[in-house]
Amino acid sequence: MTPAAGRGPAAAGLPEIGVATMGGTIVMLRGEDSGLTPALDAAELVAGIPELAGRAEVRGTVISHVGSPSIRFDDVISTLRWSLRTVDEGATGIVVTHGTDTLEETAFLLDLWWDRSEPVVVTGAMRSPEESGADGPANLLGAVLTVLEPESRGRGALVVMNDEVFPSDSVTKTRSFGVDAFASPYGALGRICEAEVEYDRAPGGPRPAPLPVPEGDAWVPIVAAPLGEDGRVVDALLDAGVDGLVIDGVGAGHVPERMVAAVDRAARRVPVVMATRTRRGRTGRNTYGYPGAEIDLLQRGVLMAGRLTSIQSRLLLWSLLASGVRDHDAVRGEFDRRGR
Ligand code: ASP
């Protein structure tokens, strides 16, 4: 691992790394008669990792001190803006520490908007700092090593958990407990071994152009489409004023026939995106022709999410709508580019 050299205020000494903390188990301590709540800041986190000394200078900030289900879009945008400022002032890259419940969502959003070659690496912990075998220090060290690794440049936002480096466009939390909770159906990009980051593959071509950072807001709920569902939820959401809709479809992106009329009504008014709840592989284009299958839905103007999950599709559609991108072809273009 070669420390990046020659940039910014830390050029004379160690490379500088920004560490933004956003809450989560990695900073949580147990109160006297209550459960875990956020307590530590970036400096306290870093102080628990002696291996960092001699590798990097850390500039820290606390963005939020919450459990990650309560992270808001504004918090992610604040993290983005602080991170951009920090790399512009010379940092080699950014580590974001985050609760694991929604970690993949913040990583996905940061990746949509990140327009620098410096890495932004999101990490967290499945065990709190006071538990035996706490994984936060190792994950934080792994994230710092990943930022310092020159091969991490140009890869956008990454996720480091349990000594594995994941792409932010496919990693998900797959277990409620356990240090190996994170996985990608398409595999990790690399791993951390003996304090070195080893990538298995080079970046697969240029990243899609970053999206504008939203100035506004939009309401984009996700609707499930399980066996026996009809269209009442879709109609109710339409009446309530949604700006867009994501459907967590079955199989290759299908809904029950009884939902079709409502989905059709929705697609005439707002962008409707169909994802597959299988979490692996992409939505169909031209295989199934029954009512509620992809050929029927495409003809009704429904957009296909490709391999983006419904969670990712909601974030992408939110980002587009909240920055004023409403044109059907422009929205479809982004899903085609990112869902491949
Ligand atoms: N279980 C969570 C975590 O691992 C809590 C949260 O997401 O904030 O951090």
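Structure: above.
Rules of the game
Residues numbered from 1 in each chain as written. Predicted model: local features only at pLDDT ≥ 70, side-chain atom pairs only at ≥ 80, totals over all residues. Heavy atoms only, no water. Salt bridge = Lys/Arg side-chain N within 4 Å of Asp/Glu carboxyl O. Helix = DSSP H or I, 4+ residues; strand = E, 2+ residues; numbered from the N terminus. Buried < 20%, exposed > 50% of the residue type's maximum accessible area, 1.4 Å probe, protein only. Polar contact = N/O pair within 3.5 Å; in protein donor to acceptor, adjacent residues only side chain to side chain. Pairing = 2+ DSSP bridges. Contact = heavy atoms within 4.5 Å. Axes fitted to C-alpha atoms, helices over the stretch in contact; angles between N-to-C directions. 1 Å grid on protein atoms, 1.4 Å probe; cavity = no way out; pocket = protein on both sides within 12 Å on 5 of 7 lines; lining within 4 Å. Points joined across faces, edges and corners; volume = space filled by probe spheres on them. Nonpolar A, V, L, I, M, F, W, Y, C, P; charged D, E, K, R; others polar. Near = heavy atom within 4 Å. Areas by Shrake-Rupley, 256 points an atom, 1.4 Å probe, with all protein chains shown as cover. Expected span 1.5 Å × (residues − 1).

*Asks:* Got a minute to help me understand the pattern of salt bridges in this structure?
*Replies:* When charged atoms on two side chains of opposite charge get close, those side chains can pair. One pass over the structure, following the stated rule, counts 20 salt bridges. Here Arg-59 ties to Glu-16 by a salt bridge, and the two come within 3.2 Å at their closest N and O atoms. In this pair, Arg-59 is assigned in strand E4 (residues 57-66) and Glu-16 in strand E1 (residues 16-23), connecting sequence segments 43 residues apart. We classify Arg-59 as partly exposed; its relative accessible area is 24%.

*Asks:* Is there a simple way to explain the environment of Arg-332 in this structure?
*Replies:* Mapped onto the elements of the fold, Arg-332 is located in helix H9 (residues 328-338). At 2.8 Å, the side chain of Arg-332 forms a polar contact with the side chain of Asp-329.

*Asks:* What is the right way to read the sheet that holds strand E14 (residues 245-249) from this model?
*Replies:* Backbone hydrogen bonds are what pair the strands of a sheet, in a parallel or an antiparallel way. An order of E13-E14-E15-E16 is seen for the 4 strands of this open sheet, with the pairing classed as parallel. Strand pairing shows two members of the sheet lacking a second neighbour, strand E13 (222-224) and strand E16 (303-304), which therefore form its edges. Direction of pairing for E13 relative to E14: parallel, over a ladder of 3 bridges. Bridging from a neighbouring strand, Ala-224 pairs with Asp-248 of E14. On the sheet, helix H8 (residues 310-322) packs against E13, E14 and strand E15 (272-276) and is oriented at approximately 170° with respect to E14.

*Asks:* Is there a simple way to explain empty space enclosed by the protein in this structure?
*Replies:* Over the atoms, a rolled probe matching the size of one water molecule traces out where space is still vacant. Taken as a whole and assessed by the stated rule, the structure comprises 1 cavity of 30 Å³ or more. Quantified by volume, the largest cavity comes out at close to 50 Å³. Forming the boundary of the largest cavity are Glu-104, Glu-105, Phe-108, Val-171, Thr-172, Thr-309, Ile-311, Gln-312 and Leu-315. Counting residues per element, the ones that place at least two in the lining of the largest cavity are helix H3 (103-113) and H8. Here the lining of the largest cavity is composed, by residue class, of 4 nonpolar, 3 polar and 2 charged.

*Asks:* Honestly, the site of the ligand in this entry has me stumped. Any pointers?
*Replies:* Neighbouring the ligand are Gly-24, Thr-25, Met-28, Gly-67, Ser-68, Gly-99, Thr-100, Asp-101, Ala-125 and Lys-173. Side-chain polar atom of Thr-100 to an oxygen atom of the ligand: 2.3 Å apart, as the coordinates give it. For the ligand, whose unbound accessible area comes to 260 Å², protein coverage reaches 85%. Across the shell around the ligand, the residue classes tally to 2 nonpolar, 6 polar and 2 charged.

*Asks:* Any chance you could explain the layout of surface pockets here in plain terms?
*Replies:* The volume enclosed by the largest pocket comes to roughly 740 Å³. Looking at the largest pocket, it is lined by 28 residues, and the ones nearest its centre are Asp-169, Gly-204, Arg-207, Pro-208 and Arg-307. Every element with two or more residues in the lining of the largest pocket is listed here: H3, strand E7 (157-161) and H9. The biggest single contributor to the lining of the largest pocket is H3, with 3 residues. Broken down by class, the residue content of the lining of the largest pocket amounts to 12 nonpolar, 7 polar and 9 charged. For the second largest pocket, the calculated volume is near 300 Å³.

*Asks:* What's the story with the side chain of Asp-264 in this structure? I'm lost.
*Replies:* One can find Asp-264 in helix H6 (residues 260-269). In terms of polar contacts, Asp-264 uses its side chain to reach the side chain of Arg-268, at 2.8 Å.

*Asks:* Just checking my understanding: could you explain the pairing of strand E5 (residues 93-97) for this structure?
*Replies:* Each regular strand carries side chains that alternate between the two faces of the sheet. Taken across its 5 residues, E5 has 5 buried, putting it largely inside the fold. Where E1 and E5 come together, 5 bridges link them in parallel fashion. Pairing of Ile-17 across the sheet is with Gly-93, part of E5. In terms of strand pairing, E5 meets strand E6 (residues 120-123) through 4 bridges, oriented parallel. Within E6, the residue paired with Val-96 across the bridge is Val-122.

*Asks:* Could you clarify how one ought to interpret the pairing of E1 in this entry?
*Replies:* Counting buried positions along E1 gives 8 out of 8 residues, so the element sits mostly inside the fold. Sheet topology places E1 next to E4; 7 bridges connect them, and they run parallel. Of the residues in E4, the one forming a bridge with Val-19 is Gly-60.

*Asks:* What should I look at first to understand H8 in this one?
*Replies:* Residue pairs three or four apart in sequence face the same way in an α-helix, which turns once every 3.6 residues. With 13 residues, H8 ought to run about 18 Å at 1.5 Å a step, and its terminal C-alpha atoms sit 18 Å apart, in line with that. Among the 13 residues that make up H8, 11 are buried, leaving the element largely enclosed by the rest of the structure. Where H8 is buried, its residues touch helix H2 (73-88), H3, E13, E14, E15 and H9. Downstream of H8 by a residue or two, Gly-324 has a phi angle that is positive, lying close to 85°.

*Asks:* Help me understand the sheet that holds E5, please; the structure alone is not making it clear to me.
*Replies:* On the basis of which strands lie adjacent, the open sheet formed by 8 strands has the order E4-E1-E5-E6-E7-E8-E11-E12 and mixed pairing. Of all the strands in the sheet, the pair left with one neighbour each is E4 and strand E12 (196-199). On average, adjacent strands in this sheet sit at an angle of 25° to one another, irrespective of strand direction. Pairing geometry for strand E8 (residues 164-167) and strand E11 (residues 190-193), over 2 bridges, is antiparallel. Opposite Val-165, over in E11, you have Gly-190 as the bridge partner.

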